[in-house]
Protein chains: 2
Amino acid sequence: MYEVNAPPAGVAAALPVDERFMTLALAEAARGLGRTAPNPPVGCVIVQGEDVVGRGFHPRAGEPHAEVFALQGAGEQARGATAYVTLEPCSHHGRTPPCADALIAAGVRRVVVAALDPNPLVAGRGVQRLRDAGIEVTVGVLEAQAVRQQAGFRSLIVRGRPWVVAKYAMTLDGKVAALDEGNGAVSGTEARERTMRWRDELDAIAVGSGTLGLDDPTLTTRGVPGGRDPRPVVFDRRASSDPQARAWRDGAVLVTAPDADATAHEAAGITVQRADSLPDALSGLVGLGLSSVLLEGGPTLLSAFLAQGLVDEVRVFVSPKLLGAGLSPLTGPARPMHEAQALQDVTVETLGPDVLITGLLQGIPRV
Amino acid sequence: MYEVNAPPAGVAAALPVDERFMTLALAEAARGLGRTAPNPPVGCVIVQGEDVVGRGFHPRAGEPHAEVFALQGAGEQARGATAYVTLEPCSHHGRTPPCADALIAAGVRRVVVAALDPNPLVAGRGVQRLRDAGIEVTVGVLEAQAVRQQAGFRSLIVRGRPWVVAKYAMTLDGKVAALDEGNGAVSGTEARERTMRWRDELDAIAVGSGTLGLDDPTLTTRGVPGGRDPRPVVFDRRASSDPQARAWRDGAVLVTAPDADATAHEAAGITVQRADSLPDALSGLVGLGLSSVLLEGGPTLLSAFLAQGLVDEVRVFVSPKLLGAGLSPLTGPARPMHEAQALQDVTVETLGPDVLITGLLQGIPRV
């Protein structure tokens, strides 16, 4: 869910050795973001002494796990080495054999794990299996970063719904759009580029029928080298949106009410998912293999999600300009200030002219 | 002789020598903020070799200028020394004799000036006078910082109105208050402390009759060691505010329409200033010796100021929480996004849980 770039060389060198190599493993894992669901993004590096002798990441469900690629790269040099893995190696036979066994078979001496696997099929058993084989295991190195990177997978496994990230851009007087439409973006180029990276990294992108009708957005990832498009999900209770809108590309999902007439959408080859409520709709997305959703809709959709506690994280660009009258990012509910929902794990970053503020509304599920 | 807080040793040492000593002079000047109007805040340090041998600041109008205090402190050591002054030394006889003459008489060898004086009575003549006396003069060291510190004085001299700083605190969904009143502050302790410092540093604090009626604010400076209260200015066109409100302490100013019945306010000893318009009202404040105004009013007053181009600087606390329905900082005017007013010289700072974003809407008058 989060890209973890390797820190500048000077910074990396200042980290304790375990954190230094785990940073590399997290950067490996990030290469799979948006591509692995319903599996987690996982990265692995194999280290002999001070040298990285193998590295790998899980590219997509059905393909080998990160450890397998890293061990292949290391070959005989895996013997006696230390393996850094961002998620506890699996201990069960899924579509691939257990990675714990592969590490044991390769003769690895020590395994450093960022975070335990919340999957009840693993949940500590992977670590136990390694220890039973006499391998030294360290757990918890850069755990918070890893957990954040795995938020989608964790949400899916523990809560049975995708991790929902709401994104919007507002002026310094809190307006996301002018009263007249089509008159320019709120934020600058850097913010747009970052948004495109998020589209590349999250499984789905969601808007409401209002945004679809007003903007006819493509909801694609543009300008990201090697990027891929998130799956478009349109919340349209009455199925009133134009089935010819640009968002309806291959794989697009219409979320609509059980009794809505979606004949035209079905005829256009659009995947129609029916749900009684937003929580039901989100649970339904799990069945489509979606573990994370970037909510880029307007105030109506965002307010509906928030009112039901369905937003896990927010990423807000604040643009240093004043508009005056305009649309607010949220329209409700009304509540006293002391009941405002506080963000946790807040980050602040300047991005070109804009300020990016992010934070969590829900804790990320652990084990 | 006055004590001054030097910047952290590491920071200061990394600066070129002129900037290092000018930083000290600016810190001296800052001690007069909010106290010198209609004069500027000015600081001066006298340096022999690497040693500060004198320092001073202008404490208030009618008292000696910064250079005089600094020269007094230096005594005989001023001979051959370098003087750092945040504003061009005056060349004219005002309430005190010309500081340029004092520097010449003291035998100073070199004078470093941050910014020229925009006062047409000075405006380069102070520097010329020093040069004519054979003193080496350098102009422009940390000029931007000095100009910003002198914004009120410059506005007053060049534009004939105070520098207006609008301050508000909003949630991450752009709300400054809930729909129900009296239910808690938007931002945290650190933001409140910073606001109190601004109240100490600006000449006046302004609100509208709406804020006065809703909150009955004291508009005082609290918790600032050695702090003093800004002069309260209440914009109340109809003179309908309660003359017993807490803001009406000594020196408070009612700004009202020419035909409003302010009998009750006059009877309560409140200074009544009549104006046809907001620009007139601001010009009128100059007559009261006010060079800077901290605008802490609600959306109505702020929007009125902005619509007329009367806000020079904004300081906004963004609090990482989501409210839902609530009041926006601005209510108008309506305009397309590409006509939003962009801030210049933007700064971003985290303050406890909050993010402080500041910027200028108007350039600060120079010479």
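Provided above is the structure to which this section pertains.
Now for a description of the structure that goes with this document. Just so you know, these numbers come straight off a predicted model, no measurement behind them. (Residues numbered from 1 in each chain as written. Chains lettered and ligands numbered in written order. Predicted model: local features only at pLDDT ≥ 70, side-chain atom pairs only at ≥ 80, totals over all residues. Heavy atoms only, no water.)

1. Section: the sheet that holds strand E15 (residues 344–351) of chain B
Residues and elements named next belong to chain B. Read across the sheet, nine strands follow the order E10-E9-E8-E7-E11-E6-E12-E16-E15 without closing on themselves; strand pairing throughout is mixed. Looking at strand neighbours, the two that pair on one side only are strand E10 (271–274) and E15, the edges of this open sheet. Neighbour to neighbour, the strand axes of the sheet diverge by 20° on average, direction disregarded. Strands in contact with helix H8 (residues 189–201) are strand E6 (163–171), strand E7 (204–208), strand E11 (292–295), strand E12 (313–319), E15 and strand E16 (354–360); relative to E12, the strand with the most contacts, it is inclined by about 165°. (Pairing = 2+ DSSP bridges. Helix = DSSP H or I, 4+ residues; strand = E, 2+ residues; numbered from the N terminus. Axes fitted to C-alpha atoms, helices over the stretch in contact; angles between N-to-C directions. Contact = heavy atoms within 4.5 Å.)

2. Details of the relation of the copies chain A and chain B
With an axial shift of 0.0 Å and an RMSD of 0.0 Å, the rotation relating chain A to chain B amounts to 180°. The superposition of one copy onto the other is thereby described by a two-fold rotation axis. Measuring from the rotation axis to each C-alpha of chain A, the shortest distance belongs to A:Gly174, at 1.9 Å. A share of 100% of the interface residues of chain A reappears at the interface of chain B, consistent with the copies meeting face to face through the same patch. (Least-squares fit on C-alpha atoms with pLDDT ≥ 70 in both.)

3. A look at the side chain of A:Arg199
Residues and elements named next belong to chain A. Examined against the element boundaries, Arg 199 turns out to sit in helix H8 (residues 189–201). Of the polar contacts made by the side chain of Arg 199, one reaches the side chain of Glu 296; its length is 2.8 Å. If we skip the residues at most four places from it in the chain, Arg 199 touches Ile 205, Leu 219, Thr 220, Thr 221, Arg 222, Arg 228, Pro 230, Leu 294 and Glu 296. (Polar contact = N/O pair within 3.5 Å; in protein donor to acceptor, adjacent residues only side chain to side chain.)

4. A closer look at H8(B)
Side chains of residues three or four places apart in an α-helix project in the same direction, reflecting 3.6 residues per turn. All names here are of chain B. Between its first and last C-alpha atoms H8 spans 19 Å; for 13 residues at 1.5 Å apiece the expected length is 18 Å, and the two agree. For H8, the full list of buried residues reads Ala 191, Arg 194, Thr 195, Met 196, Trp 198, Arg 199 and Asp 200. Along its buried surface, H8 packs onto E6, E7, E11, E12, E15 and E16. (Expected span 1.5 Å × (residues − 1). Buried < 20%, exposed > 50% of the residue type's maximum accessible area, 1.4 Å probe, protein only.)

5. Considerations on the nonpolar core
Judged by nonpolar contacts, the single largest core of 70 residues is most densely connected at A:Leu172, A:Phe305, B:Leu172 and B:Phe305. Each residue touching B:Leu172, except ones within four places of it in the same chain, is listed here: A:Tyr168, A:Met170, A:Val314, A:Val316, A:Val318, A:Leu343, A:Ile357, B:Val318, B:Ser319, B:Pro320, B:Lys321 and B:Leu322. Grouped together as the second largest cluster of nonpolar side chains are 33 residues, B:Phe21, B:Leu26, B:Val147 and B:Leu351 included. (Core = buried A, V, L, I, M, F, W, Y, C linked by side-chain atoms within 4.5 Å.)

6. Observations regarding helix H3 (residues 66–74) of chain B
Residue and element names in this part refer to chain B. Burial in H3 covers these residues: Ala 66, Glu 67, Phe 69, Ala 70, Leu 71 and Ala 74. Those residues of H3 that are buried lie in contact with strand E1 (43–48), strand E2 (51–57), strand E3 (82–87) and helix H4 (99–105). With its phi angle positive at about 55°, Gly 75 sits one or two positions after the end of H3.

7. Points about unusual backbone geometry
All names here are of chain B. Residues Ala 37 and Pro 38 are joined by a peptide bond in cis, for which omega reads 5°. With respect to the helices, strands and loops of the structure, Pro 38 is situated in the loop between helix H2 (17–30) and E1. Here Gly 332 and Pro 333 are connected by a cis peptide whose omega angle stands at 0°. As for its placement among the helices and strands, Pro 333 is situated in the loop between strand E13 (321–322) and strand E14 (341–342). Residue Asp 216 is not a glycine yet carries a positive backbone phi of 40°. Within the secondary structure, Asp 216 is located in the loop between helix H9 (209–215) and strand E8 (231–235). Of note in the backbone geometry, Leu 219 takes a positive phi value of approximately 55° without being a glycine.

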